[in-house]
Amino acid sequence: MNRFATLFNALDQSTKTTTKVAALAEYFIHAPEPDRVWTIAMFSGRRPKRAVTTTKLREWAAERADIPLWLFEESYPIVGDLAETITLVLPPPTRETDHSLSHWINALRALADVDDAARKAFVLDAWDQLPDTQRFLFNKLITGGFRVGISQKLMTRALARATDRDEAELAHRLMGNWQPDSITWHQLIEADDAQADAARPFPFYLAYGLDDAPETLGPPEDWQAEWKWDGIRGQLILRGGQHFVWSRGEELMTDRFPELARAVDFLPDGTVLDGELLAWGDGTPQSFNALQKRIGRKTVPKKLLSEAPVILYAYDLLEDRGEDIRHLPLSERRARLERLTADLPADAPVIQSPKIPFDDWAQLHALRDTARDVQSEGLMLKRAASPYLAGRKKGDWWKWKLDPLTIDAVMIYAQSGAGRRANLFTDFTFAVWNGNDLVPFTKAYSGLTDVEFRKITAWVKKNTQQRFGPVRQVTPQHVFEIAFEGIQASPRHKSGVALRFPRMLRWREDKPVQEANTLDDLNEMLRVYG
Amino acid sequence: MADPLLTFTEHGIYCARGDFYIDPWRPVDRALITHGHADHARWGMGQYLATDLAAPVMRHRLGDIPLETIRYGEVRDIGGVSVSFHPAGHVPGSAQIRVEYRGEVWVASGDYKVVDDGLSTPFEPVRCDHFITESTFGLPVFRWKPQAEVAADLNAWWAACADAGQTAVLGAYALGKAQRLLSMLDPAIGPILCHTAIENTNAILRDQGLRLPDTVHATAEVDPKAHPRALLLAPPSATDSKWAAKFGARQTGFASGWMALRGIRRRRSQDRGFVISDHADWNGLLWAIEQTGAENIYVTHGYTEIFARYLNSAGWNAQVIPTQFGGEEEDAA
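- Chain B is annotated in an unreviewed UniProt entry as Ligase-associated DNA damage response exonuclease from Pseudosulfitobacter koreensis.

- An unreviewed UniProt entry lists chain A under the name DNA ligase (ATP), with Pseudosulfitobacter koreensis as the source organism.
- Recorded in UniProt for chain A, the comment headed Catalytic activity (unreviewed entry) runs: "ATP + (deoxyribonucleotide)n-3'-hydroxyl + 5'-phospho-(deoxyribonucleotide)m = (deoxyribonucleotide)n+m + AMP + diphosphate."

### Re the overall build of chain A
Part 1: The secondary structure content of chain A amounts to 20 helices and 22 strands.
Part 2: Against the 2.2 N^0.38 benchmark of 24 Å for 530 residues, chain A shows a C-alpha radius of gyration of 26 Å, consistent with a compact globule.
Part 3: Judged by the C-alpha coordinates and their principal axes, chain A covers about 75 × 70 × 45 Å.
Part 4: Taking all 530 residues of chain A together, 37% fall into the buried category.
Part 5: Across chain A, contacts joining residues at least 24 apart in sequence account for 72% of those joining residues at least 6 apart.

### Brief notes about the domain arrangement of chain B
Residues and elements named next belong to chain B.
Part 1: Annotation of chain B at the domain level lists domain 1 (6-142 + 278-332) and domain 2 (147-274).
Part 2: Computed over C-alpha atoms only, the centres of domain 1 and domain 2 are separated by 29 Å.
Part 3: Taken residue by residue, the interface counts 20 residues in domain 1 and 21 residues in domain 2.
Part 4: Sorting the residues of the side of domain 1 that touches domain 2 by element identifies helix 1 (55-62) and helix 9 (329-332) as the ones contributing at least two each.

### A look at the UniProt feature "domain: ATP-dependent DNA ligase family profile" (unreviewed entry) in chain A
Part 1: In the numbering adopted here, UniProt assigns the feature "domain: ATP-dependent DNA ligase family profile" (unreviewed entry) to residues 303-434 of chain A.
Part 2: Across residues 303-434 of chain A, helical content stands at 19% and strand content at 40%; the span's end C-alpha atoms are separated by 39 Å.

### A word on the nonpolar core
Most often, soluble globular proteins have nonpolar side chains that are buried together.
Part 1: In this structure, A:Ala409, A:Phe430, B:Leu232 and B:Leu233 are the most contacted members of the largest nonpolar core, which totals 183 residues.
Part 2: Judged by nonpolar contacts, the second largest core, of 45 residues, contains A:Leu277, A:Val310, A:Tyr313 and A:Tyr315.

### A closer look at the pairing of strand 10 (residues 104-108) of chain B
Residues and elements named next belong to chain B.
Part 1: As paired strands, strand 9 (residues 95-101) and strand 10 are joined by five bridges and run antiparallel to one another. Bridging from a neighbouring strand, tyrosine 101 pairs with glutamate 104 of strand 10.
Part 2: Linkage of strand 9 to strand 10, two consecutive antiparallel strands, is achieved through a turn of two residues, within which arginine 102 is found at a positive phi near 45°.

### Here we look at the domain arrangement of chain A
Part 1: According to the domain assignment, chain A consists of domain 1 (2-143), domain 2 (205-401) and domain 3 (405-529).
Part 2: The distance between the C-alpha centroids of domain 1 of chain A and domain 2 of chain A comes to 43 Å.

### Some words on helix 4 (residues 196-207) of chain B
Each α-helix winds once per 3.6 residues, and so residues spaced three or four apart point in a common direction.
Residues and elements named next belong to chain B.
Part 1: With 12 residues, helix 4 should reach 16 Å at 1.5 Å per residue; the first-to-last C-alpha distance of 17 Å fits that figure.
Part 2: Where helix 4 is concerned, the buried positions are Ile198, Thr201, Asn202 and Leu205. For helix 4, the buried positions fall inside an angular range of 110° around the axis, keeping them on one side.
Part 3: In this structure, the buried residues of helix 4 make contact with helix 1, helix 3 (177-184), strand 13 (192-194) and strand 15 (231-234).

### A short note on the pairing of strand 7 (residues 75-78) of chain B
Residues and elements named next belong to chain B.
Part 1: In this structure, strand 7 lies alongside strand 8 (residues 81-87), joined through four bridges in antiparallel fashion. The residue of strand 8 that forms the bridge with valine 75 is serine 84.
Part 2: A loop of two residues connects strand 7 with strand 8, the two strands running antiparallel in sequence, and glycine 79 in this loop sits at a positive phi of about 60°.

Rules of the game
Residues numbered from 1 in each chain as written. Chains lettered and ligands numbered in written order. Predicted model: local features only at pLDDT ≥ 70, side-chain atom pairs only at ≥ 80, totals over all residues. UniProt positions renumbered as here; feature names shortened; annotations may be inferred. Helix = DSSP H or I, 4+ residues; strand = E, 2+ residues; numbered from the N terminus. Rg over C-alpha atoms; globule rule 2.2 N^0.38 Å. Buried ≥ 20, exposed ≤ 12 C-beta atoms within 10 Å, placed from the backbone. Contact = placed C-beta atoms within 7 Å. Domains from an automatic or database assignment. Core = buried A, V, L, I, M, F, W, Y, C linked by C-beta atoms within 7 Å. Pairing = 2+ DSSP bridges. Expected span 1.5 Å × (residues − 1). Arc of directions from axis to C-beta.

Following this line, the structure appears as structure tokens:
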């Protein structure tokens, strides 16, 4: 595993993309083929089935390190990573071996068939022969979750360089349901695959947030306005009698949204649509909450299909009867989209996302303020003459989002983060006043600068009132302005509400704790916006 | 039972009988200082007492202060209390302070490490009844490798940077850590350039007779092109500055005990982290405590609750002492 450890260190130690790609490409040329396949698998979130429970791992590690289990458990949240905590507490290895990555993976898979005593003997023996990084990686093979700043895109670029193949082709080859234990390097990377062409998506065009007023964009007649939907951006491909659904992250989601299969009955072959996947009901888009039940599900039970049916709200046409039309102006693409979708029956899984007619910017300002009423996050502004570009480009497409809702809340609990935020208090629970009581209503993790996180961490250490494992109850003293996108009633929460995308907008060091908002304020927001 | 010889007050560790403080964080009449780091040697004391080895740096940092000096092992009587300073091995001149009155012995260790860094006077265990210990790295996940191993990694990194035409920029605290790194670097690889804050401290320590390799003062005027294959040593705050950018293509490294944790390494966005600390690691802390023979352990500065709980479970009588040390732990340690 030495070669894999060297690769891991090279990736982990560099902050530069070019260095990472070079290290990966080098590895994909020289490593044994089964190791290459497993490496691709792990860096794309696949891992061998967990052979040992993490509970057992902790017990064995504490025992081997000759420390009480509670001390191990206290150390874990500070390190922020279980595999790393184990690596650090264990004594140095007494001997060193160098087996391949696949050797260790196969050995771990074989553990499924033996009893706990044999598993323990194997794991302790492995720990005792693996130095630093290799020991960490061995633990990661068991616990899963490699995060080395390698996106699918970077890995694909490295593969393209190592194999002299087209990046987009490789990107597609890595999609879908292949299993690292039953596929060879040749099958995965080199073998001919006619289906790849049919399924290949176009790169998505992404908009920038509009910071200034739209008046700065020029004459309104040059622009097209649409609601900005709070769903999942998706591309629907109809080619060769088949259909494919891709996410913006270039993840193939065809199986997750079986409703869209019927699109082939309504739309001609050689059609590619860009749009938003939304839960649909009563002839209108439903809240993100309804869609949330479908996210993360690889297959969908019948009940959920009828409770939260999903449609593609289409706003762009990229391929028309087999012709790539991305170079055409948006106004022309839009006209073709409207013709294509004009006569679809009401139960078709594709619906045209309407344009919003407007004459001047003032009208649009007023409309934007009503976005929440239609389950929208704001407006999209697209230049009528714009081609469909690739990636995030400034100039032609803008998202003009609603200002978030905000509330001033008191920090009452703090917990340290994981990964690169380990040993830093970054995860906070916030409360509002109800009489003299503080009622917790949300957690938030993001929005502060590193400097602010360090400052609040120092404060938390000195103002801890009580500890519950990794969670610290702190003196209620600091007020933060919490921003969020939506609010819903929720019987599961003590406060009775659940927020959508809460984050810290500002640390209100100027605000005394008594002046934070109240539960009544929160309920009023629920009444108005919920 | 009589009042304890040392108590913990809002000004810091206090000896009522001798009417003096140890490393106080607010102005007091009489302060005994363990070492020159900013969170221990503060401005505004009526009178200072520190080791002769620590004095020059303190004068450099705090200006013209009323400072008396004392040698390691020398015993001084302050109001009937016997006071002596003993090597803490943390940085050159750093001391543990031993306080004795009628057979009751306390040792305030300040910051310490138990391995010999080749530069500071090595740590000497002092027998006592009451031991005040830091716990910056008081968790079993912190176990330092031998200095020679880290030195080999460090020099290999520098050589690789030099071969690739990059300047190796290494971040380290200006007093102690920087000089320790200097003593670990292999000058055969290339020239060593130092930031003003570090070079000033180097000059003071060289005057005291410490042997450091030759360095070049990296002023604003220095021409980077005149120093190919250079390693640039700078305080952590300066490794990303405009001043550092002058040195063209470069990699940054950071040397600290905190670099043992991958999360912190990644958070700091350095190219390389070198695990080297002037504080004791887990085993070092336990060894030092064992050596004192003390029954009562007072834990400050670091993972106090966890470390004290462990000590209690292992048979000591340990308690946590709140502290105001350690505002910038991740930079200094």
